[in-house]
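Notes for the structure review
Take a look at the letters that make up each chain.
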Amino acid sequence: MNLNKLSLRDFRNYVNLNLEFDSGVNLIVGQNAQGKTNLLEGIGYLGSGKSFRAQRTAEMVRFGAEFADIQGDITAQNRQQTLRWVLFSGSRPRMAYRNGAKKKSAAEMAGVLPSVLFCPEDLMVLRAGAAQRRRLGDHALCQLRPNYDAALAEYNRILDQKSRILKDKEENMSVLAILPEYNARLCQVGALLISYRARFYDSLGKAAAVYHGQFSGGAEEFTLQYKTVSTVTDPFAPVEVLRGQLEEHLESHYRAELSSMQCLTGPHKDDFDVDLNGISLKSYGSQGQTRTAAISLKLAQRELMAREYGEDPILLLDDVLSELDAKRQDFVLNQIDKGQVFITCCEPERFTRLGKTIEIQQGQVRS
Ligand code: ATP
Ligand code: MG
């Protein structure tokens, strides 16, 4: 998969940007706050319809502009294709086009140009809070499985509604009558999420173990455990079984949810843990081990995508290389000897397989 050309109009700090890329390594250099990460965000959004940093779509529209336009010429599945997104600053829904044809839903754009992002925050993800790990896992899984993406969106919608019911109950006790209906839906969709996650984390952990093993010269055995609702005895069990176990847990927390006015139980609390030689990385790992394990996870994510799509996904390295010592830099660079890569950094360092260098200054290419 390759992004050949990109144009951004009124996207973040870009008024009008037109770029052509190399099919190998593209180095994006520039001072702080010039638009390097914005450019990676635009590339990532083009292929996934998701931003790795924006909370709301409107954030990506340039201040004062009415809409942003992202267009790209890509090569995927051995075909030249075009992708386009138009994002609005108000509440108007975004528009998506593939090969000139307007698409009804973002799902129809999924999987055409998947990407893997690696940024400095990811290096510490194994020591961070559960929410950050869930975000990382979900972002990867959504790109691999569009049906998971849809189920997750549905789950979050129901969860939002349920939260509102729990908060509103003070004013109006009758809203509680509809709570069981929401709980039933949550367990149904939640069971599906757990089923997808069990399989995903299993493959991710196995692939990451190979990378981590290589990096540590075989000295450290990497294992990953997916952690979900405590009543779930086997996350690989049939969805119907999972649903029953989720209901059981919800029932036992019914009063606690009412009194705390919060959704306390469900896969929105899921997490995963990494052990090295059977010892929890989160509790006992060193800085270096934490970073190496995170690199292994990212490389594993890229590998799962390559297996799924039969082509290497685009790799977006935002500022991450400068955070790594020489040994880890080499390890990463040696592992990405194929596929298209976009690397941002403030100072161009040593890069072996450099295709193109693009210098960005205040949202423009400096020639
Ligand atoms: P660093 O090296 O510090 O990471 P960077 O080159 O990656 O810098 P970006 O994160 O891409 O910088 O952001 C550059 C600028 O874009 C910021 O100063 C920010 O104010 C601006 N910016 C972000 N969103 C918008 C927007 N919607 N409209 C206009 N400008 C924006
Ligand atoms: Mg940046």
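Okay, so let's go over this structure. Predicted, not measured: the structure shown is a model, and the values here were computed from it.

1. A look at the site of ligand 1
The local shell around ligand 1 holds 17 residues, among which Asn 32, Ala 33, Lys 36, Thr 37 and Asn 38 are the closest. Val 61 is positioned such that a nitrogen or oxygen atom in its backbone is 2.9 Å from a nitrogen atom of ligand 1. Alone, ligand 1 offers 660 Å² of accessible surface; in the complex the protein occludes 76% of this. A class-by-class count of the residues in the shell around ligand 1 yields 4 nonpolar, 7 polar and 6 charged.

2. A short note on helix α5 (residues 179-215)
Between its first and last C-alpha atoms α5 spans 50 Å; for 37 residues at 1.5 Å apiece the expected length is 54 Å, and the two agree. At the C-terminal side of α5, Gly 217 shows a positive phi close to 60 degrees.

3. Some points on the pairing of strand β10 (residues 271-276)
Counting buried residues in β10 gives 6 out of 6 residues, a clear majority hidden from the surface. Going residue by residue along β10, you find Asp 271, Asp 273 and Asp 275 tucked away on one face and Phe 272, Val 274 and Leu 276 tucked away on the opposite face as well. The pairing of strand β9 (residues 222-227) with β10 spans 6 bridges and is classified as antiparallel. Across the sheet, residue Thr 223 finds its bridge partner in β10, namely Asp 275. Bridge count between β10 and strand β11 (residues 279-280): 2 bridges; the pairing is antiparallel. In the strand pairing of β11, Asp 275 is matched with Ser 280. Counted along the chain from β10 to the antiparallel partner β11, the turn is 2 residues long, and its residue Asn 277 has a positive phi close to 50 degrees.

4. Details of the layout of surface pockets
Within this model, the largest pocket holds a volume of roughly 1400 Å³. As for the largest pocket, its lining consists of 45 residues, and the residues nearest its centre are Lys 50, Asp 149, Leu 152, Ala 153 and Asn 156. Among the elements of the structure, α1 (36-48), α3 (130-144), α4 (146-168) and α5 are those that each provide at least two residues to the lining of the largest pocket. Taken together, the residues of the lining of the largest pocket sort by class into 20 nonpolar, 14 polar and 11 charged. Computed from the structure, the second largest pocket encloses a volume of approximately 560 Å³. Lining the second largest pocket we find 26 residues, and of these Phe 52, Arg 53, Leu 117, Cys 119 and Glu 121 sit closest to its centre. At the level of secondary structure, the elements contributing two or more residues to the lining of the second largest pocket comprise α1, α2 (120-123), α3 and α9 (287-309). When residues in the lining of the second largest pocket are grouped by element, the largest group, 5 residues, is from α3.

Rules used throughout
Residues numbered from 1 in each chain as written. Chains lettered and ligands numbered in written order. Predicted model: local features only at pLDDT ≥ 70, side-chain atom pairs only at ≥ 80, totals over all residues. Heavy atoms only, no water. Near = heavy atom within 4 Å. Polar contact = N/O pair within 3.5 Å; in protein donor to acceptor, adjacent residues only side chain to side chain. Areas by Shrake-Rupley, 256 points an atom, 1.4 Å probe, with all protein chains shown as cover. Nonpolar A, V, L, I, M, F, W, Y, C, P; charged D, E, K, R; others polar. Helix = DSSP H or I, 4+ residues; strand = E, 2+ residues; numbered from the N terminus. Expected span 1.5 Å × (residues − 1). Buried < 20%, exposed > 50% of the residue type's maximum accessible area, 1.4 Å probe, protein only. Pairing = 2+ DSSP bridges. 1 Å grid on protein atoms, 1.4 Å probe; cavity = no way out; pocket = protein on both sides within 12 Å on 5 of 7 lines; lining within 4 Å. Points joined across faces, edges and corners; volume = space filled by probe spheres on them.

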